[in-house]
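The chain contents come next:
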Amino acid sequence: MNPHSDVPPPTPAPCGIVPPHLLDRLARSDDPRLAVPARRTLDRDAAQRTRRHLASRATPAQPLPPHPGVEPAPRRTVYDAENREELPGRRVRSEGREPAGDASVNRAYAALGATFTLYLTAFRRDSVDGSGLPLDATVHYGEQYANAFWDGGRMVCGDGDGEVFRDFTLAVDVIGHEVTHGVTQYTANLHYSGQSGALNESVSDVFGSLIKQYELGQTAEDADWLIGAELFTDRVQGRALRSMREPGTAYDDDVLGKDPQPGHMDDFVRTTDDNGGVHINSGIPNRAFHRFAVALGGRAWERAGRVWYDTLNSGSLSPDADFAEFAAATLSVAREPHGTGEVTKALAQAWTDVGVPVTD
């Protein structure tokens, strides 16, 4: 049970996987094919942010008690918004039904399944709330909507603008990222602002990447550690939205600019935009996790991922935890059930490598 679950977060819920600074750049383009969809996406995100901010002030739903003797299984439903903005849209595929005649629907269904499988297999977590919460997704949201988001109860994907961004269901890690915002909501409930907001984003990147690695059967050494590698069209000079291995190197494009993520506290970005730079400064804990996982080797969800997951569920994090508090919590977790010298040494070194102070 989350010790903070009865304390609603006072800050807005996540607004989408595409950082606002990217959409701002596109919105200022002289090319209407880029600017118009970006402005429309920003407007929709602002409206969603307002609605979710109001909703976040209500007491979050409590997990239902588990049913003894019942084997956990996903309960997925995918809806089609038909390029409108009403949620959830028209139901087009539910659990156990045959594939639909729509690739976006089927990809969303499969990605929800991959997310459920990683959490159940690696962490014995039954869905988002740990108690079998149904997994819902809506595809084809809005007209040329260039984002994906978790609205507090469902995953929502746009089709992209076709110029810079492709269909958001193409990236399993993007769907895993957004659903993980729900897991954080039911566990540490990290406030979506400043360093705690950057941690919220980073946790979603971590587990989104682990879901992709699990699907592909990759080790930490084999993985690309890119978030949203399938999203950019060929016109973009870039590999992905973010690189966990090398923050700041994911793209360098005439229109989008250069990836601004730092990988060390020396380069921490202080800004009032994007809820205090939550999509930017998340590069620092992202790089720490990557270095930890690679140092341990093997399959990242087995040891490194377990430390992060147990930290979320430890009850030791305050909702406004900063990087140093999160680092200390991971080390505390690592010393207990995972407590080999190899694990704690690798973890302490990973946080030191990104400039986050740690104590023995």
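Read on for an overview of the structure. This is a predicted model, so every value here is computed, not measured. (Residues numbered from 1 in each chain as written. Predicted model: local features only at pLDDT ≥ 70, side-chain atom pairs only at ≥ 80, totals over all residues. Heavy atoms only, no water.)

Judged by nonpolar contacts, the single largest core of 91 residues is most densely connected at Phe165, Phe168, Phe207, Phe289, Phe292, Trp308 and Trp351. Broken down by element, this core gets its largest block of residues, 12 residues, from helix H3 (residues 103-123). Not counting chain neighbours up to four residues away, the residues in contact with Phe165 comprise Val18, Leu22, Leu26, Ala146, Asp159, Gly160, Leu231, Phe232, Thr233 and Leu241. In terms of nonpolar packing, the next biggest core, distinct from the first, is built from 5 residues, Ala81, Tyr141, Tyr145 and Phe149 among them. (Core = buried A, V, L, I, M, F, W, Y, C linked by side-chain atoms within 4.5 Å. Buried < 20%, exposed > 50% of the residue type's maximum accessible area, 1.4 Å probe, protein only. Helix = DSSP H or I, 4+ residues; strand = E, 2+ residues; numbered from the N terminus. Contact = heavy atoms within 4.5 Å.)

Within a sheet, neighbouring strands are paired by backbone hydrogen bonds and run either parallel or antiparallel to one another. Strand order in the open sheet formed by 5 strands is S2-S1-S3-S5-S4, and the pairing between neighbours is mixed. Each edge of the sheet is formed by a strand with only one pairing partner; in this case those strands are strand S2 (90-94) and strand S4 (148-150). Averaged over all pairs of adjacent strands, the angle between strand axes in this sheet comes to 20°, irrespective of strand direction. Direction of pairing for strand S3 (residues 135-139) relative to strand S5 (residues 155-157): parallel, over a ladder of 2 bridges. Of the residues in S5, the one forming a bridge with Ala137 is Met155. H3 rests against strand S1 (76-80), S2 and S3 of the sheet, and its axis sits at about 150° to S3. On the sheet, helix H4 (residues 172-186) packs against S3, S4 and S5 and is oriented at approximately 20° with respect to S4. (Pairing = 2+ DSSP bridges. Axes fitted to C-alpha atoms, helices over the stretch in contact; angles between N-to-C directions.)

With that settled, consider the packing of helix H5 (residues 194-216) against helix H7 (residues 283-296). Describing two packed helices takes the angle between their axes plus the distance from one axis to the other. In the contact formed by H5 and H7, the axes pass within 8 Å of each other and the chain directions differ by 35°. Between H5 and H7 the crossing geometry is right-handed. Here Leu199, Ser202, Asp205, Val206 and Leu210 of H5 come into contact with H7, specifically with Pro285, Asn286 and Phe289. Its residues placed into classes, the contact of H5 with H7 shows 5 nonpolar, 2 polar and 1 charged. (Left-handed = near helix turned anticlockwise from the far one by under 90°. Nonpolar A, V, L, I, M, F, W, Y, C, P; charged D, E, K, R; others polar.)

Counted by the stated rule, this structure contains 17 salt bridges. We note a salt bridge from Asp167 to Arg107, for which the minimum N-O separation is 3.2 Å. You can see Asp167 sitting in the loop between S5 and H4 and its partner Arg107 sitting in helix H3, a full 60 residues away along the chain. Linking Arg154 and Asp136 is a salt bridge whose minimum nitrogen-to-oxygen distance equals 3.7 Å. Of this pair, Arg154 sits in the loop between S4 and S5 while Asp136 sits in strand S3, and the two are 18 residues apart along the sequence. For the pair formed by Arg154 and Asp136, the shared burial category is buried. (Salt bridge = Lys/Arg side-chain N within 4 Å of Asp/Glu carboxyl O.)

Moving on to the environment of Glu221. Position of Glu221 among the secondary structure elements: in the loop between H5 and strand S6 (226-227). Residue Glu221 is classed as partly exposed on the basis of its relative accessible area, which comes to 44%. Sequence spacing of Glu221 and Ala293 is 72 residues, and the spatial spacing of their C-alpha atoms is 8.6 Å. Among all residues touching Glu221, those that are not within four sequence positions of it are Val294, Gly297 and Gly298.

Looking now at H7. For H7, which comprises 14 residues, the first-to-last C-alpha distance of 20 Å matches the rise-based estimate of 20 Å (1.5 Å per residue) to within 8%. For H7, the tally of buried residues reaches 10 of 14 residues, placing the bulk of the element in the interior. Here H7 has its buried residues at Gly283, Ile284, Pro285, Asn286, Ala288, Phe289, His290, Phe292, Ala293 and Leu296. The elements touched by buried residues of H7 are H5, helix H6 (274-281), helix H8 (304-312), helix H9 (323-335) and helix H10 (341-353). Backbone geometry just downstream of H7 places Gly297 in the positive-phi region, at approximately 75°. (Expected span 1.5 Å × (residues − 1).)

Attention shifts here to the packing of aromatic side chains. As enumerated under the stated definition, the model contains 19 aromatic pairs in all. An aromatic cluster is present here, built from Trp225, Phe289, Phe292, Trp308, Phe326 and Trp351 joined pairwise through their rings. Here Arg76 stacks its cationic end above the ring of Tyr109, 3.8 Å away from the centre of that ring. The ring of Tyr109 has Arg93 lying over it, and the distance from NZ or CZ to the ring centre is 3.6 Å. (Phe/Tyr/Trp six-rings, centres within 6.5 Å; stacked < 30°, edge-to-face > 60°. Lys NZ or Arg CZ within 6 Å of the ring centre and 35° of its normal.)

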